[in-house]
Amino acid sequence: MDGAHKLGELFHDVPRRTAAALDKALSLLRSLSKYHAHHDVTERMARTRQCGVGQGWPPRLGSLPVHVAYFLAVSWCGYILLGDLKFRAGGDGSRPSGIDLFFTAVSAATVSSMSVVEMEVFTNGQLLVLTLLMLVGGEVFVSLMGLASKWSTLSKQATENSGRVESHDVTELEMRPVADAVDIEKTSTSSVSPVDAKRLRLNAVRSLFFIVLAIFLTVHGLGTAAIAAYVYSSPGPRRTLQGKALNVWTFAVFTTVSTFSNCGFMPNNENMVAFPRDTGLQLLLVPQVLAGNTLFAPLLAACVRAAAAATRRPELVETASENGAELTGYGHLLPVRRCVMLVATVAGLIAVQMAMVCGMEWGGALPGMSPWEKVSNALFLAVNSRHTGESTVDLSTLAPAILVLFVLMIAYGNVGFSIGYSCSRQISPDQLCTDRWTGLVGRWSDSGKLILILVMLFGRLKKFSMKGGKAWKLS
């Protein structure tokens, strides 16, 4: 009887247990369905975010292939124009070879300023071509074009998706549990909707574009006017340019563009060696070198914060915050703390170099100068050793210790410093040797120049390899 009773209870419990099992199975299916829907929404929102920051639109302007194609195309156009225009009459009467012209075009476009041709063989038209190459090859201009492209892309996306993608995202977000909610835009607050966050990003990129453009135009305008005014008011530099048949405004524009882009070319053969005692000109170029190079980020941060304080516009306030670079995707926009550290580092390196140059060359490579002129020349060399490469002295006369320090400063910096080549320093004198105002590379073979062309391109595109080498960290 007990066995029959237990068997009856077992059959009686089967429907109840089956119902419970089915209920659990249905609950599991509902959970899996919700998880799949949530995962699908998350993936779609991630793709939308990537498109919003400009990472999903082909071709991507910030990619390495686009940069390589850009600099090769610019260099090739410069080479064609330089070859088609007439050269100056006089000199040794020889026309630069094709490889030398292409090398010069690449050197200008990559702002390397390695010279294989004397600059005074070029006419005003050719100097204008070199000016344009340096202008469009400079880092500030290239980054400005990146901002313009990102602004255009975000504007198109806002126009196309304003009535479809954003409202769909908001509806899907409302279906998700509060505990699982994730901010679509990391740079915005939780109270800002996805539509407003994307509009904030668009406005921030647009405002930053105009700020960078204002810096770009102001530096070039004021720099050109200041250099021209100095030359007109100083008999020495004016006589130097007249003796070389160089127009004052050509010299001023060329020098300003070259200095701010950190190229280092000058329209005269001797570079700044022709102006070793013109401290006014040197001090006019120093801030242009720094503004176009290591101190561009602090200058930009200061301008953004000033604009935010003056206008109180939401996009400028967000851009001036610690997340400004993430909001705009502009790598040169650094937080205040990093800007302060950068300024301190630059000042320290300049001070060390100045101390070494003054201490070791006070009576050596800086002869016949007043104490103030020696300090000015030391400052000019120290500032130019990082990128620009303009020089007021013959570098081959400097102490080896200073040259080693300069080499450390210019590593992968696209600096056109060169110790030159002098026939008088040959170990085995060659009677056919002729002195020329070019860098040492001017004596290299064509194959050696082709190798240096690749090196210049690699140096100009070094930002794409800055995250490399992490496997070598042993700690």
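Residues numbered from 1 in each chain as written. Predicted model: local features only at pLDDT ≥ 70, side-chain atom pairs only at ≥ 80, totals over all residues. Heavy atoms only, no water.

*Asks:* Explain the overall build of the protein chain to me, and be specific about the residues and the numbers.
*Replies:* When helices and strands are counted, the protein chain shows 17 helices and 0 strands. Counting the 475 residues in the protein chain, one finds 45% classified as buried. For the protein chain, restricting intrachain contacts to residue pairs at least 6 apart in sequence, the fraction spanning at least 24 positions comes to 74%. Roughly 25,000 Å² of accessible area belongs to the protein chain as shown, and the carbon and sulfur atoms make up 65% of that amount. (Helix = DSSP H or I, 4+ residues; strand = E, 2+ residues; numbered from the N terminus. Buried < 20%, exposed > 50% of the residue type's maximum accessible area, 1.4 Å probe, protein only. Contact = heavy atoms within 4.5 Å. Areas by Shrake-Rupley, 256 points an atom, 1.4 Å probe, with all protein chains shown as cover.)

*Asks:* Talk me through the confidence of the model for the protein chain; I want residue IDs and the actual numbers.
*Replies:* For the protein chain, the mean per-residue pLDDT works out to 80, and 74% of the residues sit at or above 70. In the model of the protein chain, helix 6 (residues 165–174) stands out as the element of lowest mean pLDDT, 45, in contrast to helix 9 (residues 248–260), which has the highest, 96. Below pLDDT 50 for its whole length, residues 169–190 participates in 31 contacts with residues either more than four positions away or in separate chains. Within the model, pLDDT remains below 50 along residues 468–475, and this stretch shows 0 contacts once partners closer than five positions in the same chain are excluded. (pLDDT = per-residue confidence, 0-100.)

*Asks:* Mind laying out the packing of aromatic side chains, listing which residues take part and the relevant values?
*Replies:* Inspection of the entire model under this criterion finds 12 aromatic pairs. Their ring planes at 45° and their centres at 6.1 Å tell us that Phe 141 and Phe 216 sit as a pair that is tilted. Of this pair, Phe 141 sits in helix 5 (residues 139–161) while Phe 216 sits in helix 7 (residues 194–233); the two residues are 75 residues apart in sequence, bridging distant segments of the chain. Both residues of the pair, Phe 141 and Phe 216, count as buried. A connected cluster of aromatic rings, assembled from ring pairs, spans Trp 76, Tyr 79 and Phe 102. (Phe/Tyr/Trp six-rings, centres within 6.5 Å; stacked < 30°, edge-to-face > 60°.)

*Asks:* Go over the pattern of salt bridges with me, naming the residues and quoting the values.
*Replies:* Between side chains of opposite charge, pairing is possible as soon as their charged atoms come close. Summed over all chains, the structure comprises 6 salt bridges. A salt bridge links Lys 244 to Glu 120; the shortest N-O distance between them is 2.8 Å. Highlighted residues: Lys 244 in the loop between helix 8 (235–243) and helix 9 and Glu 120 in the loop between helix 3 (98–109) and helix 4 (124–137), separated in sequence by 124 residues. Take Lys 244 and Glu 120: they sit in the same class, and that class is buried. Across the salt bridge formed by Arg 460 and Glu 139, the nearest N and O atoms sit 3.1 Å from each other. (Salt bridge = Lys/Arg side-chain N within 4 Å of Asp/Glu carboxyl O.)

*Asks:* So what's going on with the side chain of Ser 391? Which residues, and what values?
*Replies:* On the secondary structure map, Ser 391 appears in the loop between helix 15 (371–384) and helix 16 (400–410). By relative accessible area, which is 7% here, Ser 391 ends up buried. Among the polar contacts listed, one links the side chain of Ser 391 to the backbone oxygen of Val 393, at a separation of 2.7 Å. (Polar contact = N/O pair within 3.5 Å; in protein donor to acceptor, adjacent residues only side chain to side chain.)

*Asks:* Let's hear about the environment of Val 317: which residues, and what values?
*Replies:* Within the secondary structure, Val 317 sits in helix 12 (residues 314–319). What makes Val 317 partly exposed here is its relative accessible area of 32%. In contact with Val 317, not counting residues within four places along its chain, are Ala 308 and Arg 312.

*Asks:* Can you tell me about the packing of helix 4 against helix 9, naming the residues and giving the values?
*Replies:* Close contact between helix 4 and helix 9 brings their axes to 9 Å; oriented N to C, the two are set at 25°. By the angle between their axes, helix 4 is roughly parallel relative to helix 9. Seen from above, helix 4 lies across helix 9 with left-handed handedness. Contacts between helix 4 and helix 9 involve Asn 124, Leu 127, Leu 130, Thr 131, Met 134 and Leu 135 from the former and Thr 250, Val 253, Phe 254, Val 257 and Ser 258 from the latter. Tallied by class, residues from the contact of helix 4 with helix 9 come to 7 nonpolar, 4 polar and no charged. (Axes fitted to C-alpha atoms, helices over the stretch in contact; angles between N-to-C directions. Parallel < 35°, antiparallel > 145°, perpendicular 65-115°, else oblique. Left-handed = near helix turned anticlockwise from the far one by under 90°. Nonpolar A, V, L, I, M, F, W, Y, C, P; charged D, E, K, R; others polar.)

*Asks:* Just give me the short version of the nonpolar core, but keep the residues and values in it.
*Replies:* Core analysis: the largest hydrophobic core is formed by 82 residues, its most contacted members being Phe 122, Leu 130, Leu 208, Val 212, Leu 300, Tyr 330 and Ile 453. Considering each element in turn, this core owes the most residues, 13 residues, to helix 7. When near neighbours in sequence (up to four residues on either side) are disregarded, Phe 122 contacts Leu 82, Phe 87, Arg 88, Leu 101, Thr 104, Val 117, Leu 127 and Leu 130. Of all hydrophobic cores here, the second largest spans 13 residues; its members include Leu 366, Val 393, Ala 399 and Phe 406. (Core = buried A, V, L, I, M, F, W, Y, C linked by side-chain atoms within 4.5 Å.)

*Asks:* Any chance you could break down the packing of helix 2 (residues 64–84) against helix 3 for me, citing the residues and the numbers?
*Replies:* At a minimum axis distance of 8 Å, the contact between helix 2 and helix 3 shows a crossing angle of 130°. It follows that helix 2 is oblique to helix 3 by the angle criterion. Note that helix 2 runs across helix 3; the crossing there is right-handed. Contacts between helix 2 and helix 3 involve Phe 71, Val 74, Ser 75, Trp 76, Gly 78, Tyr 79, Leu 82 and Gly 83 on the former and, on the latter, Gly 98, Leu 101, Phe 102, Ala 105, Val 106 and Ala 109. Looking at the contact of helix 2 with helix 3, its residues break down into 10 nonpolar, 4 polar and no charged.

*Asks:* Any details on unusual backbone geometry? Residues and values, ideally.
*Replies:* Positive phi, normally seen in glycine, also occurs at Val 111, with a value near 50°. Mapped onto the secondary structure, Val 111 falls in the loop between helix 3 and helix 4. With a relative accessible area of 7%, Val 111 lands in the buried category. Its identity as a non-glycine residue notwithstanding, Asn 262 has a phi of 65°, on the positive side. Mapped onto the elements, Asn 262 comes out in the loop between helix 9 and helix 10 (279–291). Among the residues examined, Asn 262 registers a relative accessible area of 4% and is labelled buried.

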